[in-house]
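Structural overview for review
Spelled out from the first residue to the last, the chains are:
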Amino acid sequence: MISVGPGSLKLVISSARPDAVLAALHHGVDAENIRAAPPGAVLLHSPLEPSELRDMLSREMGEGDSLLVVEFEKWSGYGAGIDREWLRARGH
């Protein structure tokens, strides 16, 4: 199994442009720990608290944009659209 640093799995859902969210995340999270999800959502593994991610990302939001950061304790996935190895290495 791949060894990753400390942290937990988070989901970011935003009304902002996906490329803006990804660019902002790359300033504080290692690219290997970021995975795009369905449109408007990003999965990431990070030791940052949800509030820290919110504050970091909110600086890149435009007027009227919103975002939600969720930290997971448990999750389960199905289908070819998810990266199972990436998820398993991050606590599944």
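Conventions and cut-offs
- Within any chain, residue numbers begin from 1 and follow the written order of that chain's sequence.
- Residues qualify for local features only when their pLDDT is at least 70, as the model is predicted, and side-chain atom pairs are given and counted only at 80 or more; totals for whole chains, interfaces and linings, by contrast, use all residues.
- Heavy atoms throughout the structure, all of them, feed into the side-chain values; hydrogens and water do not.
- Three labels apply to residues, based on accessible area from a 1.4 Å probe with only protein chains included: buried if under 20% of the type maximum, exposed if over 50%, partly exposed otherwise in between.
- The helix count covers DSSP runs of H or I at least four residues long, the strand count covers runs of E at least two residues long, and both are numbered beginning at the N terminus.
- What the arc describes is the spread of directions from the helix axis to the C-beta atoms.
- By definition, residues are in contact when any of their heavy atoms lie within 4.5 Å.
- A strand pair is defined by DSSP finding two or more bridges across the two strands.
- Comment: axis = line fitted to C-alpha atoms, over the contacting stretch for helices; angle = value between 0 and 180 degrees taken between N-to-C directions.
- Nitrogen and oxygen atoms within 3.5 Å of one another constitute a polar contact, given that in protein one can donate a hydrogen and the other can accept it, and given that sequence-neighbouring residues count only through two side-chain atoms.

**Section: helix 2 (residues 50-58)**
- Regarding helix 2, the residues found buried are Pro50, Leu53, Met56 and Leu57. Considered in projection along helix 2, the buried side chains sweep an arc of 125 degrees and stay on one side of the axis.
- Buried residues in helix 2 make contact with strand 1 (8-14), helix 1 (18-25), strand 3 (41-46) and strand 4 (67-71).

**Structural notes on the sheet that holds strand 4**
- Pairing is antiparallel in the open sheet, where 4 strands are placed in the order 2-3-1-4. Sheet topology places strand 2 (34-36) and strand 4 at the edges, where each strand pairs with a single neighbour. In this sheet, adjacent strand axes meet at a mean angle of 20 degrees when their direction is disregarded.
- Against the sheet, helix 1 contacts strand 1, strand 2 and strand 3, and its axis sits at roughly 10 degrees relative to strand 3.
- Most of the contacts of helix 2 go to strand 4, to which it runs at about 155 degrees, and overall it touches strand 1, strand 3 and strand 4.

**With respect to the side chain of serine 46**
- Looking at where serine 46 falls in the secondary structure, it is placed in strand 3.
- A polar side-chain atom of serine 46 sits 3.0 Å from the main-chain amide nitrogen of leucine 48.
- The contacts of serine 46, once residues within four sequence positions are left out, are Pro6, Gly7, Ser8, Lys10 and Val29.

**Things to note about the pairing of strand 3**
- Counting buried residues along strand 3, 6 of its 6 residues qualify, which places the element largely inside the surrounding structure.
- Burial of strand 3 is two-sided: the residues Ala41, Leu43 and His45 facing one way and the residues Val42, Leu44 and Ser46 facing the other way are all buried.
- With 6 bridges connecting them, strand 1 and strand 3 associate as antiparallel partners. By the bridge assignment, serine 8 is partnered in strand 3 with serine 46.
- Here strand 2 pairs with strand 3 via 3 bridges, running antiparallel. Residue pairing for strand 3: isoleucine 34 is matched across the bridge by leucine 44.
- The hairpin turn running from strand 2 into strand 3, its antiparallel successor, is 4 residues long, and glycine 40 in that turn takes a positive phi close to 90 degrees.

**Considerations on the environment of alanine 89**
- Residue placement: alanine 89 occurs in the segment after helix 3 (84-88).
- Along the chain, alanine 89 and aspartate 65 lie 24 residues apart, while their C-alpha atoms are 32 Å from each other.

**Digging into the side chain of histidine 45**
- On the secondary structure map, histidine 45 appears in strand 3.
- A distance of 3.4 Å separates a polar atom in the side chain of histidine 45 from the backbone oxygen of glycine 7.
- In contact with histidine 45, not counting residues within four places along its chain, are Val4, Gly5, Pro6, Gly7, Ser8, Leu9, Val29, Asn33, Trp86 and Arg90.

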